[in-house]
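Chain by chain, the residues:
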Amino acid sequence: MATLSEIQALLGEPRFNWSDPAPWIGMEQKFGIEFPADFREIVNAYGSIAINGQLYLEHPAGHLLHSLGETIWGDLEFWRDEDMAEFLPGPVGADPGELMPVASATTGEWVFLRVPDEPSAPWRILVQELDSPAHTLYEMTFSEWLLAYLRGEDVTVCSRNFATDRPFWESLP
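Below: a short report on this structure. It should be emphasised that the depicted structure is a prediction, and the values quoted were computed from it without experimental measurement.

1. Here's the deal with the packing of helix α3 (residues 37–46) against helix α6 (residues 142–150)
And then number 1: At a closest axis distance of 7 Å, the pairing of α3 and α6 adopts a crossing angle of 50 degrees. If you check the angle between α3 and α6, you find them oblique. Across from D38, F39 and I42 in α3, the residues of α6 making contact are F142, S143 and L146.
And then number 2: Considering only residue class, the contact of α3 with α6 consists of four nonpolar, one polar and one charged.

2. What about the pairing of strand β6 (residues 135–138)?
And then number 1: In terms of strand pairing, strand β5 (residues 124–129) meets β6 through four bridges, oriented antiparallel. By the bridge assignment, I125 is partnered in β6 with Y138.
And then number 2: Remark: five residues form the turn of the hairpin made by β5 and β6, two consecutive strands paired antiparallel.

3. Quick word on the environment of H66
And then number 1: Among the secondary structure elements, H66 is positioned in the loop between β2 (55–57) and α4 (68–80).
And then number 2: For H66, a relative accessible area of 13% translates into the label buried.
And then number 3: Counting along the chain gives 58 residues from H66 to Q8, while the straight-line C-alpha distance between them is 22 Å.
And then number 4: In contact with H66, not counting residues within four places along its chain, are S48, E58, H59, L172 and P173.

4. Observations concerning unusual backbone geometry
And then number 1: For N17, which is not glycine, the phi dihedral falls at a positive 45 degrees.
And then number 2: Within the secondary structure, N17 is located in the loop between α1 (4–11) and α2 (22–31).

5. Observations regarding a negative patch on the surface
And then number 1: Among the surface-exposed residues, D81, E82, D83 and E86 lie close enough to one another that they form a single negatively charged patch.
And then number 2: Within the secondary structure, D81 is located in the loop between α4 and α5 (82–85).

6. Thoughts on the nonpolar core
And then number 1: Of all hydrophobic cores here, the largest spans 52 residues; its most connected members are F35, I51, M100, F142, W145 and L146.
And then number 2: At seven residues, α6 tops the list of elements feeding residues into this core.
And then number 3: When neighbours within four sequence positions are excluded, I51 is seen to be in contact with L11, L57, L146, Y149, L150, F168 and W169.

About the cut-offs
Residues numbered from 1 in each chain as written. Predicted model: local features only at pLDDT ≥ 70, side-chain atom pairs only at ≥ 80, totals over all residues. Heavy atoms only, no water. Axes fitted to C-alpha atoms, helices over the stretch in contact; angles between N-to-C directions. Helix = DSSP H or I, 4+ residues; strand = E, 2+ residues; numbered from the N terminus. Parallel < 35°, antiparallel > 145°, perpendicular 65-115°, else oblique. Contact = heavy atoms within 4.5 Å. Nonpolar A, V, L, I, M, F, W, Y, C, P; charged D, E, K, R; others polar. Pairing = 2+ DSSP bridges. Buried < 20%, exposed > 50% of the residue type's maximum accessible area, 1.4 Å probe, protein only. Patch = residues over 30% accessible without salt bridge, like charges linked within 9 Å, V, L, I, M, F, W, Y side chains within 5 Å. Areas by Shrake-Rupley, 256 points an atom, 1.4 Å probe, with all protein chains shown as cover. Salt bridge = Lys/Arg side-chain N within 4 Å of Asp/Glu carboxyl O. Lys, Arg positive; Asp, Glu negative; His and termini not counted. Charge placed at Lys NZ, Arg CZ, Asp CG, Glu CD. Core = buried A, V, L, I, M, F, W, Y, C linked by side-chain atoms within 4.5 Å.

Following this line, the structure appears as structure tokens:
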């Protein structure tokens, strides 16, 4: 699994550094799921941010406009619509094998955490391209996927056109 220090080496020093578990606990109780530790660690470090002006990550303690829990709730409704559900390889939600939307990109991609089939199994990443029915399942953790994205590797959401010199981030308003 990629580490936060590897991500910081490419993305830069975080400034959010959230330590209160209360927003995560409330959100996880609402959805009936415990989000993966690496995802929580990254989001706690950086907060609600735009990476390379392209990829949006949100924290559950964010305000209504950029609150991870509120965004997920709306995204679940969006992806449960029968016209949208056909674009995914399975249902959205918190049950084993389902897809939990956790990030989006200005370039039309949605990033999902695939809930493990068994508690001991690893979480995986699915990226869906909204402008086509294409989706890709990555056999990697969120931190591994994000590290690949920051390195400019093709993980469906590509950073090369948005961060030609090096990755960067800015807090969401």
